Amino acid sequence: WFNRRHHCRHCGYIVCDSCSNNRCLLPLEFGEGDPQRVCHRCHKELLPKQSHLTDTIANHLRANQIDTTKCAVRYLNMPLSFTLGSEIRKASYSTYNLFESNWIKDRSILLNLIPRACGIAYLTVAKGGFGLAAKIGTGLVISRLQDGKWSAPSAIGTVG
């Protein structure tokens, strides 16, 4: 009863939802590092180029800037984040603060726990309420792999 239409991000044509249900990385001149909605015709055209585009412009190649000189950013993290990059920054600041701040006098506990840890979860949560309380937050989790290395981060969230 309602046929939603979309623009193909590659050719610009307007197509129905079922004709644009594919996503592909677009060439560099489009300036996008995330896969975009494309029509079936463009999907067939772009499919052979995906491995090259993944190696050259995909978001996993983006550098994440960590600035430890900004105290407010370093200590006050937003509880809600919608990108893995910002979650990685929050986790980096938290780890930096654990080992570099003067708040924790005895770091030997942390230094003994981390080499034996099976995983680490970083979670920033905001909680508030009067009578009834609500909380919401996001973070990331990493786990130790069989070979002893750490896994790639996965985003996590909580609400309640």
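Every value quoted in this text rests on a predicted model; they were computed, and no experiment measured them. (Residues numbered from 1 in each chain as written. Predicted model: local features only at pLDDT ≥ 70, side-chain atom pairs only at ≥ 80, totals over all residues. Heavy atoms only, no water.)

J.: Any chance you could explain the sheet that holds strand 5 (residues 119–130) here in plain terms?
T.: Strand-to-strand pairing in sheets goes through backbone hydrogen bonds, with the strands running parallel or antiparallel. Read across the open sheet, the 3 strands follow the order 5-6-7; overall the sheet is antiparallel. The sheet terminates laterally at strand 5 and strand 7 (154–159), the two strands that pair on one side only. With strand direction ignored, the average angle separating the axes of adjacent strands in the sheet is 10°. Examined bridge by bridge, strand 6 (residues 132–143) and strand 7 share 6 bridges and lie antiparallel to one another. For Thr-138, the partnering residue across the bridge sits in strand 7 and is Gly-157. Packed onto the sheet, helix 4 (residues 84–100) meets strand 5, strand 6 and strand 7 and runs at close to 85° relative to strand 6. (Pairing = 2+ DSSP bridges. Helix = DSSP H or I, 4+ residues; strand = E, 2+ residues; numbered from the N terminus. Axes fitted to C-alpha atoms, helices over the stretch in contact; angles between N-to-C directions. Contact = heavy atoms within 4.5 Å.)

J.: Sorry, what's going on with the side chain of Arg-37 here?
T.: Mapping Arg-37 onto the fold places it in strand 4 (residues 36–38). Looking at Arg-37, the relative accessible area reads 16%, which means it is buried. Excluding residues that lie within four positions of it along the chain, Arg-37 makes contacts with His-6, His-7, Cys-8, Arg-9, Asp-17, Ser-20, Asn-21, Asn-22 and Arg-23. (Buried < 20%, exposed > 50% of the residue type's maximum accessible area, 1.4 Å probe, protein only.)

J.: Help me understand the pattern of salt bridges, please; the structure alone is not making it clear to me.
T.: In this structure the tally under the stated criterion is 2 salt bridges. Here Asp-17 ties to Arg-37 by a salt bridge, and the two come within 3.3 Å at their closest N and O atoms. Here Arg-37 lies in strand 4 and Asp-17 lies in the loop between strand 2 (14–16) and strand 3 (22–24), a separation of 20 residues in the sequence. Judged by its relative accessible area of 36%, Asp-17 is partly exposed. Taking the shortest distance from any N to any O, the salt bridge between Glu-87 and Lys-90 comes out at 3.3 Å. One end of the pair is Glu-87 and the other is Lys-90, both in helix 4 and 3 residues apart, which spans about a single turn. On the basis of relative accessible area, Glu-87 is assigned to the buried category, the value being 4%. (Salt bridge = Lys/Arg side-chain N within 4 Å of Asp/Glu carboxyl O.)

J.: I keep staring at helix 4 and nothing clicks. Help me out?
T.: Three or four residues apart is the spacing at which side chains of an α-helix point the same way, because the helix has 3.6 residues per turn. A rise of 1.5 Å per residue sets the reference length of helix 4, with its 17 residues, at 24 Å; its end C-alpha atoms lie 24 Å apart and thus fit the reference within 8%. Buried residues of helix 4: Ser-86, Glu-87, Lys-90, Ala-91, Tyr-93 and Asn-97, and no others. For helix 4, the buried positions fall inside an angular range of 160° around the axis, keeping them on one side. Residues of helix 4 that are buried sit in contact with helix 3 (71–75), strand 5 and strand 6. (Expected span 1.5 Å × (residues − 1). Arc of directions from axis to C-beta.)

J.: What is the right way to look at the pairing of strand 5 in this model?
T.: Sheet faces and side chains relate simply in a regular strand, where the side chains alternate between the two faces. Bridge analysis of strand 5 against strand 6 gives 12 bridges, and the strand direction is antiparallel. Following the sheet pairing, Thr-124 is matched in strand 6 by Thr-138. What sits between strand 5 and strand 6 in their antiparallel hairpin is a turn of 1 residue, with Gly-131 showing a positive phi close to 85°.

J.: Just to check I follow, could you spell out the environment of Pro-153 for this structure?
T.: In this structure, Pro-153 sits in the loop between strand 6 and strand 7. Pro-153 gets classed as partly exposed once you look at its relative accessible area, which sits at 29%. With 33 residues separating them along the chain, Pro-153 and Ile-120 place their C-alpha atoms 9.8 Å apart. Among all residues touching Pro-153, those that are not within four sequence positions of it are Leu-84, Ile-88, Leu-140, Val-141 and Ile-142.

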